[in-house]
Structure formats: C-alpha cells, structure tokens
Amino acid sequence: MAEFNLIRISKLIKSELLLIILGVLSITIFSIAVISFTKRGKAPPPAQTPWNENIYAGQTTKQELETKLGTPEKIEAIDEGVAYFYPTEDRYRPDKIEISGDTVSIIKEQVLESEKGGLNNYLQKYGTPQAKLYGPFGTIAPGHFWGNNGIIVFGNEHDGTIVEIWYFAPTNLENFLAQNTKLKTEEPRGF
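## Description of the pairing of strand β4 (residues 103-110)
Taking burial as the measure, the eight residues of β4 include six buried ones, the bulk of the element. In terms of strand pairing, strand β3 (residues 95-100) meets β4 through five bridges, oriented antiparallel. Across the sheet, the residue bridging to S100 is T103, located in β4. If you look at the hairpin formed by β3 and β4, you'll find two residues sitting between the two strands, and G101 has a positive phi there, around 70 degrees. Two strands pair when backbone bridges link them, and β4 and strand β8 (residues 162-168) are joined in this way by five bridges, in the antiparallel orientation. Bridge pairing links I107 to Y167 in β8.

In structure tokens form, the structure reads like this:
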C-alpha cells in the first residue's frame, strides 16, 4: 500500500482538480437547496397593524415612543409597568399606551367621531373577526378581535361607529384574554 505524503497529495489534487471542483460545487448547491427548502416551509410572520403608522406594540421601545411622540401629558403606574397618556382632540379621552419593561405592550387609541372610518372598513380589510369580545363598552360597542393582526376594534355593529381601537403584538385569543381579564367572550346579561 502506497504511503500518502505531501508530494503524492499535490499530484492527486492536480490530476483530479476538475473532479474536486465539481464535488465542492455540488455540495454547495445541495446545501443551498436544503436551506431554502427549510425556510420556505415556515409561515411568514403575521402582518401586525401599526399605530400612528410606525409604532408597534411588542416592538417599539419606550425611548423610541418618546422620540416619536414627545413627552406624555401624564404617566401612571399600572400593574405591569407604566401607562403613558397622550392628548387627543377630546381632552377627556387621551390615548393610553401601556409599557411593560422597556417595550410598548398595548396601545388604546380613543376614536373621535368618524376619524378612523367605520367598523365596515375594518371588516373589509381584515375579514371576519376571530372573536367578539365584551368589555368596557358592553354590547353597544363589542370588540372585534383580529389576533393575527394585533388589533381589536370596539365598534357598534348597527351604525358602524368606532369608539376605541387597541393595538397589540399578534397573539391568539387565549393569551390575549389571559392578559386582559376584563374582556369576556360571552355577551353580558345584565347591568
């Protein structure tokens, strides 16, 4: 059996250079194909709905929020962190932004008149809601929940008037209800 030394290895590489290049090339192409196949199988992340065009619940930091909107008119301590209040045209109904840790967790936008359109606009844009939730506005304006898009719209089903819109990181109904215990899936029976 012949011994391999550096001279024999260099002669082998020179004589079989084309085979070695083709081998490396085929391994590279195979690796790229496997990687692209595994990436293609993953579902794309849900399209989250931003507030004010560029503020995302679950992503925007407190510092980014203050840079974009300025200093809030009021800051209040809440169970999970702090709430920032920013003025709207109605001084009695400010927008509330809850911050947990250093990140915006939920945005509760007050809707005045028809500034955000009607409920039908959201039904056309997002389709049938994943759930109808009852909370601060009872049966007058139940919340229409689109968890995959990170939005719940509290609006009247008869005239389409929107009262409030909440923006949050995309989640499923079970997790959302666990974080927002005052919301219920069952219609309230009495006052």
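The rest of the description comes next.
## Things to note about the domain arrangement of the chain
Assigned domains within the chain: domain 1 (7-39) and domain 2 (62-179). On a C-alpha basis, the centroid separation for the pair domain 1 and domain 2 is 56 Å.

## Things to note about helix α4 (residues 119-126)
Residues L119, Y122 and Y126 constitute the buried set of α4. For α4, the arc enclosing every buried residue in end-on projection is 60 degrees, short of the 170-degree limit, so these residues lie on one face. Exposed and oriented more than 90 degrees from the buried face of α4 are N120 and Q124. Here the buried face of α4 lies against β6 (143-146), β7 (151-155) and β8. Remark: G127 follows α4 within two positions and exhibits a positive phi of approximately 85 degrees.

Rules behind the numbers
Residues numbered from 1 in each chain as written. Predicted model: local features only at pLDDT ≥ 70, side-chain atom pairs only at ≥ 80, totals over all residues. Heavy atoms only, no water. Buried < 20%, exposed > 50% of the residue type's maximum accessible area, 1.4 Å probe, protein only. Helix = DSSP H or I, 4+ residues; strand = E, 2+ residues; numbered from the N terminus. Pairing = 2+ DSSP bridges. Domains from an automatic or database assignment. Arc of directions from axis to C-beta. Contact = heavy atoms within 4.5 Å.

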